[in-house]
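Chain and residue survey
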Amino acid sequence: VVSNRSNNQRQQIKSAFKTMYGKDLIKDLKSELSGNMEELILALFMPCTYYDAWSLKHAMKGAGTQENVLIEILCTRTNREIQEIVKCYKSEFGRDIEHDIRADTSGHFERLLVSMCQGNRDENQTVDYQKAQQDAQRLYQAGEGKLGTDESCFNMILASRSFPQLKATVEAYSQIANRDLLSSIGREFSGNVERGLKTILQCALNRPAFFAERLYHAMKGAGTDDSTLVRIIVTRSEIDLVQIKQLFTQMYHKTLATMISSDTSGDYRRLLLAIMGQ
């Protein structure tokens, strides 16, 4: 039932269940399930925006911060999605997401995430090639072209330009610098801010490829990062999972379904594969 319904339909099932039986479906599911299966089913029953907000809150809860979750959500969503997440975070958890980010992160990484929380990226789809040239020049001057790095310039351009505009900037940059912008960021930055900036660029170049890579790394080697696996499969299932599957095969010469099958088991595996339409 669950894998063959859209998120909207699952919300209706949840309220119909309460009407018919006077019981909370989520509480019932929690008492019947455990482990990865529980996490997957509960994720599927959360409204999309709430699930993103909930994931962000969990990433910052308690000791330690899961920076990769903050990056994966805040650097890849559209303006509208981010604005909804910020509102939902406030109304559901009574907290200000920007305040939580400031308390949990620092430095250039904190600034990048705060910029992302504004949900204010230019969304004009027309590319201004002259501006792309200028931006590429400024990025070169702010990084490779000088001693030290002017981080605020990178933050400003990567946080405010539209994705198609950034793609053109990446192309212009390779001509100016004789190396690609991703590798320049790798040389100029490190740690979380490097990962955040690279994520923004990867989304500008090919968002489904970014998620395909995240899925691959969640399963590669010993052990599986199940939370990442669940989060990406659930959040992209009605957006671009079809493209993610195609790119996964091209990039890793095996299908996503094959890799999930060998890394998971039981009902959890069956449900993941069913969401993927296998």
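Below or above, wherever it landed, is the structure these notes cover. (Residues numbered from 1 in each chain as written. Predicted model: local features only at pLDDT ≥ 70, side-chain atom pairs only at ≥ 80, totals over all residues. Heavy atoms only, no water.)

Attention now goes to the overall build of the protein chain. When helices and strands are tallied, the protein chain shows 17 helices and zero strands. In summary, the protein chain has a C-alpha radius of gyration of 20 Å against a globular reference of 19 Å for 278 residues, a match within 12%. Each principal axis of the C-alpha distribution contributes one length, and for the protein chain these read about 65 × 45 × 40 Å. Among the 278 residues that make up the protein chain, the fraction classed as buried is 46%. (Helix = DSSP H or I, 4+ residues; strand = E, 2+ residues; numbered from the N terminus. Rg over C-alpha atoms; globule rule 2.2 N^0.38 Å. Buried < 20%, exposed > 50% of the residue type's maximum accessible area, 1.4 Å probe, protein only.)

Our focus in this paragraph is the environment of Ile26. Checked against the element boundaries, Ile26 lands in helix H2 (residues 25-32). Taking the C-alpha atoms as reference points, Ile26 and Ser174, separated by 148 residues in sequence, lie 51 Å from one another. In contact with Ile26, not counting residues within four places along its chain, are Lys14, Leu42 and Phe45. (Contact = heavy atoms within 4.5 Å.)

Turning to the layout of surface pockets, a few remarks are in order. Estimates place the volume of the largest pocket at around 330 Å³. Around the largest pocket, the lining comprises 15 residues; the ones closest to its centre are Arg195, Thr199, Phe210, Glu213 and Arg214. Of all the secondary-structure elements, those providing two or more residues to the lining of the largest pocket are helix H5 (67-74) and helix H13 (191-219). Looking at side-chain class alone, the lining of the largest pocket contains three nonpolar, five polar and seven charged residues. Here the second largest pocket is characterised by a volume of approximately 280 Å³. Together, 18 residues line the second largest pocket, and Cys48, Thr49, Glu81, Thr235 and Ile239 are the ones closest to its centre. Elements supplying a minimum of two residues to the lining of the second largest pocket: helix H1 (7-21), helix H4 (48-60), helix H6 (79-93) and helix H14 (226-236). The dominant element in the lining of the second largest pocket, judged by the number of residues it contributes, is H4, at four residues. (1 Å grid on protein atoms, 1.4 Å probe; cavity = no way out; pocket = protein on both sides within 12 Å on 5 of 7 lines; lining within 4 Å. Points joined across faces, edges and corners; volume = space filled by probe spheres on them. Nonpolar A, V, L, I, M, F, W, Y, C, P; charged D, E, K, R; others polar.)

Applying the stated criterion to the full structure yields 10 aromatic pairs. Centroid distance Phe154 to Phe189: 5.0 Å. Interplanar angle 80°. Geometry classified as edge-to-face. In this pair, Phe154 is assigned in helix H10 (residues 151-160) and Phe189 in the loop between helix H12 (181-188) and H13, connecting sequence segments 35 residues apart. Summarising the burial analysis for this pair, Phe154 and Phe189 share the class buried. Both rings, one in Tyr216 and one in Tyr252, keep their centres 3.8 Å apart while their planes meet at 5°; by these two values the pair is stacked. Residue Tyr216 is found in helix H13, and its partner Tyr252 is found in helix H15 (residues 241-252); the two are separated by 36 residues along the sequence. Members of the aromatic cluster, each reached through a chain of ring pairs, are Tyr50, Tyr89 and Phe93. (Phe/Tyr/Trp six-rings, centres within 6.5 Å; stacked < 30°, edge-to-face > 60°.)

Let's shift gears to the nonpolar core. Counting 81 residues, the largest nonpolar core has Leu40, Leu158, Ile233 and Ile260 as the members making the most contacts within it. Considering each element in turn, this core owes the most residues, 12 residues, to H13. Those residues within four positions of Leu40 in sequence are excluded, and the remaining contacts are Val230, Val234, Tyr268, Leu271, Leu272 and Ile275. (Core = buried A, V, L, I, M, F, W, Y, C linked by side-chain atoms within 4.5 Å.)

Right, let's talk about unusual backbone geometry for a bit. You will see that Asn178, though not glycine, has its phi angle at about 60°, which is positive. Relative to the helices and strands, Asn178 resides in the loop between helix H11 (163-177) and H12. In the Ramachandran plot, His253 falls in the positive-phi region, its phi being about 55° despite a non-glycine side chain. In this fold, His253 is placed in the loop between H15 and helix H16 (256-263). A relative accessible area of 71% places His253 in the exposed class.

Time to look at the pattern of salt bridges. With the rule as written, the count across this model stands at 15 salt bridges. Notably, a salt bridge pairs Asp100 with Arg95, separated by 2.8 Å at the nearest N-O pair. Of the residues examined, Asp100 reaches a relative accessible area of 8% and is grouped as buried. Residue classification places Arg95 among the partly exposed positions, given a relative accessible area of 37%. A salt bridge links Glu98 to Arg102; the shortest N-O distance between them is 3.1 Å. One end of the pair is Glu98 and the other is Arg102, both in helix H7 (residues 97-104) and four residues apart, which spans about a single turn. By relative accessible area, Glu98 is classed as partly exposed at 23%. Residues joined in a network through salt bridges with shared partners are Glu72, Arg214 and Arg231. (Salt bridge = Lys/Arg side-chain N within 4 Å of Asp/Glu carboxyl O.)

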